[in-house]
Amino acid sequence: MESVNQGMDRRSLIQGAAAVVGAAAVPAMAKEKKESQMLDGYAWAEQIRRGDVTPLEALDAAIARTEALPKLNAVVIKDYELARGLAKQMSALSAADRAAATAKAPMWGVPFLVKDLNQYMKGTVTTNGCRFFKGAVAEYDSTLVARYKAAGLNIFGKTASPEFGQTPTTESLLYGKSPNPWNAAHTTGGSSGGAASVVAAGIVPVAHASDGGGSIRIPASHCGLFGLKPSRGRLPAGPANMEGWMGLSMNHVISRSVRDSAHLLDLTQGREPGSRTVPPRDVDGTYFEALNQGPRKLKIAVWPKNYFGIPVHADCQAAVDKAIKACLALGHEIVEDMPQLPVADVFSGLGIVTSVGMMASIRAREKQLGRAVRQDEVEQMDWLYLEKAKTYTAEQMLMARTNFDTAGQILDRFFLKYDLVLTPVMAVPPPLLGVLSLDQPYDSFAREAVKASPYTALFNMTGQPAMSVPMHWTKDNLPVGAHFAAPFGREGRLLGLAAQLEQTVPWADRTPDLSVFKA
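Definitions and limits used
Residues numbered from 1 in each chain as written. Predicted model: local features only at pLDDT ≥ 70, side-chain atom pairs only at ≥ 80, totals over all residues. Heavy atoms only, no water. Helix = DSSP H or I, 4+ residues; strand = E, 2+ residues; numbered from the N terminus. Rg over C-alpha atoms; globule rule 2.2 N^0.38 Å. Buried < 20%, exposed > 50% of the residue type's maximum accessible area, 1.4 Å probe, protein only. Contact = heavy atoms within 4.5 Å. Areas by Shrake-Rupley, 256 points an atom, 1.4 Å probe, with all protein chains shown as cover. Lys, Arg positive; Asp, Glu negative; His and termini not counted. Charge placed at Lys NZ, Arg CZ, Asp CG, Glu CD. Axes fitted to C-alpha atoms, helices over the stretch in contact; angles between N-to-C directions. Parallel < 35°, antiparallel > 145°, perpendicular 65-115°, else oblique. Left-handed = near helix turned anticlockwise from the far one by under 90°. Nonpolar A, V, L, I, M, F, W, Y, C, P; charged D, E, K, R; others polar. Pairing = 2+ DSSP bridges. Salt bridge = Lys/Arg side-chain N within 4 Å of Asp/Glu carboxyl O. Polar contact = N/O pair within 3.5 Å; in protein donor to acceptor, adjacent residues only side chain to side chain. Expected span 1.5 Å × (residues − 1). Arc of directions from axis to C-beta.

Novice: Now, about the overall build of the protein chain: what can you tell me, with residues and values included?
Specialist: From N to C terminus, the protein chain includes 17 helices and 15 strands. For the protein chain, the C-alpha radius of gyration of 21 Å lies close to 24 Å, the compact-globule estimate for 519 residues. Along the three orthogonal principal directions, the C-alpha set of the protein chain runs to about 60 × 60 × 45 Å. Per-residue burial over the protein chain gives 61% buried out of 519 residues. Across the protein chain, contacts joining residues at least 24 apart in sequence account for 80% of those joining residues at least 6 apart. Here the protein chain has roughly 19,100 Å² of accessible surface; of this, 52% comes from carbon and sulfur atoms. Charged side chains in the protein chain number 54 positive and 50 negative. The centres of these two groups are separated by 1 Å.

Novice: I'd like a rundown of the packing of helix α6 (residues 143–150) against helix α9 (residues 258–268), residues and numbers included.
Specialist: Remark: α6 packs on α9, axes separated minimally by 9 Å, with the N-to-C direction vectors making an angle of 110°. As the angle between them shows, α6 and α9 are arranged roughly perpendicular. For the element pair α6 and α9, the recorded crossing hand is right-handed. Between α6 and α9, the contacting residues are Leu-144, Arg-147 and Tyr-148 on the first element and Leu-264, Leu-267 and Thr-268 on the second. For the contact of α6 with α9, the class distribution of residues is four nonpolar, one polar and one charged.

Novice: Any details on the pairing of strand β7 (residues 183–187)? Residues and values, ideally.
Specialist: Here strand β6 (residues 179–180) pairs with β7 via two bridges, running antiparallel. Residue Pro-179 lies in a different strand from β7, and its bridge partner there is Thr-187. Here β6 hands over to β7 after two residues, the two strands then running antiparallel side by side.

Novice: Any chance you could break down the side chain of Glu-272 for me, citing the residues and the numbers?
Specialist: With respect to the element layout, Glu-272 can be found in the loop between α9 and α10 (287–290). Despite its burial, Glu-272 pairs with no opposite charge, the nearest such side chain being Arg-147 at 5.9 Å. Side chain to side chain, Glu-272 and Thr-143 meet in a polar contact 2.5 Å long. Excluding anything up to four places from it in sequence, Glu-272 contacts Thr-143, Arg-147, Pro-236, Ala-237, Gly-238, Pro-239 and Met-242.

Novice: Account for the pattern of salt bridges, naming residues and giving values.
Specialist: One pass over the structure, following the stated rule, counts 21 salt bridges. The salt bridge partner of Glu-67 is Lys-78, with a shortest N-O separation of 2.9 Å. Within this pair, whereas Glu-67 is found in helix α3 (residues 55–68), its partner Lys-78 is found in strand β1 (residues 75–78), the two being separated by 11 residues in sequence. The class of Glu-67 is partly exposed, set by a relative accessible area of 40%. Owing to a relative accessible area of 44%, Lys-78 belongs among the partly exposed residues under this scheme. One connected set of salt bridges, linked through shared partners, spans Arg-371, Arg-374, Asp-376 and Glu-377.

Novice: Can you lay out helix α11 (residues 314–329) for me, pointing to particular residues and giving the numbers?
Specialist: Between its first and last C-alpha atoms α11 spans 22 Å; for 16 residues at 1.5 Å apiece the expected length is 22 Å, and the two agree. Restricting attention to buried positions, one finds in α11 the residues Asp-315, Cys-316, Ala-318, Ala-319, Val-320, Ala-323, Ile-324, Ala-326 and Cys-327. Among the structural elements, β11 (299–302), β12 (333–336), β13 (420–424), β14 (466–473), β15 (479–485) and α17 (491–504) are those in contact with the buried residues of α11.

Novice: I'd like a rundown of the sheet that holds β1, residues and numbers included.
Specialist: If you walk across this open sheet you meet the three strands as β1-β3-β2, and the pairing is mixed. Both edges of this open sheet fall to β1 and β2 (111–115), since each of them pairs with a single strand only. Taken pair by pair, the neighbouring strands of this sheet meet at an average axis angle of 40°, ignoring direction. Here four bridges tie β2 to strand β3 (residues 154–159), and the two strands are oriented parallel to one another. Paired with Pro-111 across the bridge in β3 is Asn-154. Along the sheet, helix α4 (residues 80–91) makes contact with β1 and β3, crossing β3 at roughly 165°.

Novice: Describe in detail helix α15 (residues 442–449), supporting the description with residues and values.
Specialist: Among all positions of α15, only Ser-444, Phe-445 and Ala-449 are buried. End-on, the buried residues of α15 take up no more than an arc of 125°, which puts them together on one face. Away from its buried face, by an angle of more than 90 degrees, α15 presents the exposed residues Asp-443 and Arg-447. Looking at the buried side of α15, the elements it contacts are α13 (380–389).

Here it is in structure tokens:
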């Protein structure tokens, strides 16, 4: 694919970082482009490769933008000096050595942020958004972090997550609330809300995220970005655990461009020692290269309702309607249909698996510290989950995974008739901050939480890939995405459609007003 920008100088980079004008991602756009449009990570890497910008200048610009927008509360762990040390080494290389380095590491020198949840970088802290993990220093790199480093990304911190990723908002007692860059009264979504915030605000063009029930797709939807949850096993989760939450949770990124998502998928996918679930591939060559091919005519099943009978807000339906219109204009076929599921059996296992997964993390930390966790170190809802997890049996865990697999079988058969599924991302647009906080009684939390993932969580249970694509903005200036899911291993199909939609209904030139988030 062609470079988005072929000519930016060092002065533009520094000025863009200092001014934080229109949240344009550093480096700034070429004069012939709209100034509000953001460069993606691929274009950023090209500028560093050409020597237009040094890795140190790129990093310092990203840090400057972070510090200029403190009220975003998105970057909660700052490993600035560690990253600066690496950026200085990179920037000191000769042109020949830089060319050799970028040939091996395609994202060489691009600043990057990792989510503060179950990902570890040696010598740095991962808290999982929990006070009990405050100061927990990693002794090793997670496999995925090692692959980010091998790709050349320079990690300078970690983004906010709610405690243990247990809610679709990004608020914690440890770090506070992370407001939506588009409307500060509302949530960014969760649990990868910090990641979505830094991309929407132009701090970085792409950021690591993870998804155990919608936690890539919901924040992407709330912040006007692209978010792909890959198939189970596509990316590594180890070395400590081969599957997050018994296969529910998958890692990838939230990005402004589709090609950044495809490119990072190419650079990080694949088995690691101990992997046993490796999904098939549906592209010849790389996902990045396949974007230029476009998908064949697709038969897409639109679900007319959700399995809980929850009314769909007009703005969420508007996003689906716009996606239908765009897909029809592209020549795809739309059919209204959905499969029958044993809903109670399938969804009852979700809380069992996530609660037990959280308990396992706490038990490991207790062993490290040589003491038991206290109630005042865990948020109200998570303490309830922890106490409940102690009562679950091995039979309940086994049946949870068995029922997930049953749902997978049903969806696999459904996908024999259809290429993709289209649904809303959520039943409601981005809620107000506080509505989905873990620091509240169960009844009030559960009443609102069920509206958040009546669609997304199913595809975590089945292990099938799914994505959120920006489609609509509310009267309150809040983005709302449309949700597509594909058969197991068919990320290429999703990315191909996303690339078409990116051209048909472009979103990259829409940016939030960040003035309220400055110091």
